[in-house]
Amino acid sequence: MTTTATATKNTVSTDTALKSVIHVRSAPGGHWVGDGFPVRTMFGYDDPQVSPFLLLDYAGPRHFPASDTPRGVGEHPHRGFETVTIVYSGEVEHRDSAGGGGKIGPGDVQWMTAGSGLVHEEMHSPAFTESGGTFEAVQLWVNLPARLKMTPPKYQTILSSDIPEIALEGDAGTLRVIAGTATNVKGPADTFTPVALWDVRLNAGKGTVLSLPDGHMAAIMVMAGSIVVNGSLVREAEFVLLDKKGEALRIDAQKDAKLLILGGEPLNEPVFGYGPFVMNTREEIIQAANDFNAGKMGRLSPK
Ligand code: MN
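Presented here is a report on the structure given in the accompanying data block. Fair warning: this is a prediction, and the values are worked out from it, not measured in the lab.

### Comments concerning the pattern of salt bridges
Applying the stated criterion across every chain, the model contains 11 salt bridges. Among the ionic pairs, R79 bridges to D291, the shortest N-O distance being 3.0 Å. Here R79, found in the loop between β6 (72-78) and β7 (81-89), pairs with D291, found in helix α2 (residues 282-293); they are 212 residues apart in sequence, far enough to count as distant. Assigned by exposure class, R79 and D291 land together as buried. Among the ionic pairs, D171 bridges to K206, the shortest N-O distance being 3.9 Å. Of this pair, D171 sits in the loop between β14 (165-168) and β15 (173-179) while K206 sits in the loop between β18 (195-202) and β19 (207-211), placing them 35 residues apart in sequence. Salt bridges sharing partners connect three or more residues here, namely R79, D291 and K296.

Written out as structure tokens, the structure is:
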């Protein structure tokens with residue numbers, strides 16, 4: 001599905017207030033999630049500035065040789081938020097104790113609401129395991145407001161073909177709307193609070209001006225290439241956080257760039273997290289651990 005941007009709700013004139021840059025952060029050293037996901041954590045839930053997001057793990061790009069044993073991360077729980085997995089290269093298969101499951105490949109997105117709690121496994125698909133190849137993905141954790149932390153688990157597979165692609169003016173590149181609204185085009189992800197998630201490709205030497213609401217969090221993960229955003233240079237494997245104040249993002253690509261743009265309404269609630277559980281208080285975390293240990297988040301059936 002391709003849409004040409006003519007109406008310009010999110011493409012704004014440069015006299016709209018720019019969101020100023022708070023910081024540009026390089027990818028830290030990596031660690032493994034299970035044996036399938038070599039990740040660099042760009043931010044975690046100790047940072048209140050990124051609300052409504054809790055964590056961004058950038059996985060790869062990394063070459064995996066062909067194998068007959070699927071790699072990934074086995075059964076583990078979550079409660080209190082959503083995990084969003086965007087695959088750029090390779091294939092991931094998921095199944096959970098609430099009956100959700102599916103396989104996603106390049107361009108596809110999995111939006112899983114852990115809510116009151118579930119256990120799941122996240123593995124390379126059998127086909128990707130067998131063929132080997134380059135793996136690249138992002139996993140984002142999206143927080144749920146206190147009143148929705150115990151909402152029933154839910155699972156959305158969002159295939160690439162479901163994601164509208166906007167051609168940016170002046171052959172600047174493309175913007176795929178996974179969540180939120182860009183240039184009047186709404187993305188397919190069903191979110192509980194306002195969240196924007198845009199997969200953007202910009203051509204070297206070209207630029208665009210996009211808009212996220214005043215008062216909303218705004219950030220860009222640069223997976224490839226380099227950009228100047230609102231005056232700051234941001235290079236490959238770097239993350240830029242912008243101020244909530246203002247609306248406009250003026251982005252110019254110095255090299256062909258692959259970006260993930262994040263935006264959302266901050267929750268302004270206490271965050272108390274421990275490992276795979278993110279709640280509002282210590283007592284709720286203890287309850288989550290007890291409920292998991294008592295089997296209340298379910299178990300995966302044997303394959
Ligand atoms: Mn998980």
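Structure shown, so let's carry the discussion forward.
### Regarding the nonpolar core
Among the nonpolar cores identified, the biggest contains 29 residues, and L56, W111, V138, L140, L197, L260 and L262 are the most heavily contacted of them. Not counting the four nearest positions on each side in its chain, L140 is found in contact with F43, F53, L55, L56, E82, T83, V84, L197 and L262. Of all hydrophobic cores here, the second largest spans 27 residues; its members include A196, W198, A218 and V240.

### Quick word on the coordination of the manganese ion
Note on the manganese ion: its protein donors are H76 (NE2), H78 (NE2), H120 (NE2) and E122 (OE). The metal-donor distances range over 2.1 to 2.3 Å. All donor residues of the manganese ion come from one chain, and their arrangement in sequence is H-x1-H-x41-H-x1-E. Here the residue H76 occupies a position in strand β6, and E122 occupies one in strand β11 (residues 118-124), the gap between them amounting to 46 residues. Grouping residues by exposure puts H76 and E122 together as buried.

### Here we look at the pairing of strand β8 (residues 92-96)
When a strand is regular, its side chains alternate between the sheet's two faces. The two faces of β8 differ: V92, H94 and D96 on one face are buried, but E93 and R95 on the other face are not. Bridging between β8 and strand β9 (residues 101-104) involves 4 bridges; their strand directions are antiparallel. Opposite V92, over in β9, you have I104 as the bridge partner. Examined bridge by bridge, β8 and β11 share 5 bridges and lie antiparallel to one another. From the neighbouring strand, E93 faces β11, where its bridge partner is M123.

### Topic: unusual backbone geometry
Here the amide bond leading from S51 into P52 is cis, since omega sits at 15 degrees, within 30 degrees of zero. Among the structural elements, P52 can be located in the loop between β4 (37-43) and β5 (53-64). For the bond from G60 to P61, the omega torsion is 0 degrees, close enough to zero to count as cis. Tracing the sequence through the fold places P61 in strand β5. Here N230, not a glycine, exhibits a phi torsion of approximately 45 degrees, which is positive. Among the structural elements, N230 can be located in the loop between β20 (217-229) and β21 (232-235). Under the relative-accessibility criterion, N230 is labelled buried at 16%. One non-glycine residue, N268, lies in the positive phi region at around 55 degrees. Turning to its location among the elements, N268 is positioned in the loop between β23 (248-264) and β24 (272-274).

Definitions and limits used
- Each chain has its residues counted from 1, following the order in which its sequence is written.
- Only residues with pLDDT of at least 70 are given local features in this predicted model, and only at 80 or more are side-chain atom pairs given and counted; all residues enter the totals for whole chains, interfaces and linings.
- Side-chain metrics rest on all non-hydrogen atoms present in the structure, leaving aside hydrogens and water.
- A pairing counts as a salt bridge when a side-chain nitrogen of Lys or Arg comes within 4 Å of a carboxyl oxygen of Asp or Glu.
- Secondary structure is summarised from DSSP: a helix means a run of H or I of at least four residues, a strand means a run of E of at least two, and numbering begins at the N terminus for each.
- Relative accessibility under 20% of the residue-type maximum defines a buried residue, over 50% an exposed one, and the middle range a partly exposed one, all with a 1.4 Å probe and only protein chains included.
- Joining through side-chain atoms within 4.5 Å is the link that ties buried Ala, Val, Leu, Ile, Met, Phe, Trp, Tyr and Cys residues into a set, and such a set is a nonpolar core.
- Whether two residues touch is decided by their heavy atoms; if any such pair falls within 4.5 Å, the residues are in contact.
- Donor atoms (N, O, S) are those found within 2.8 Å of the metal centre, with the cutoff raised to 3.2 Å for Na, K and Ca; water is not part of the atom list, so apparent gaps in a site can occur.
- Strands pair, by our definition, only if DSSP identifies at least two bridges between them.

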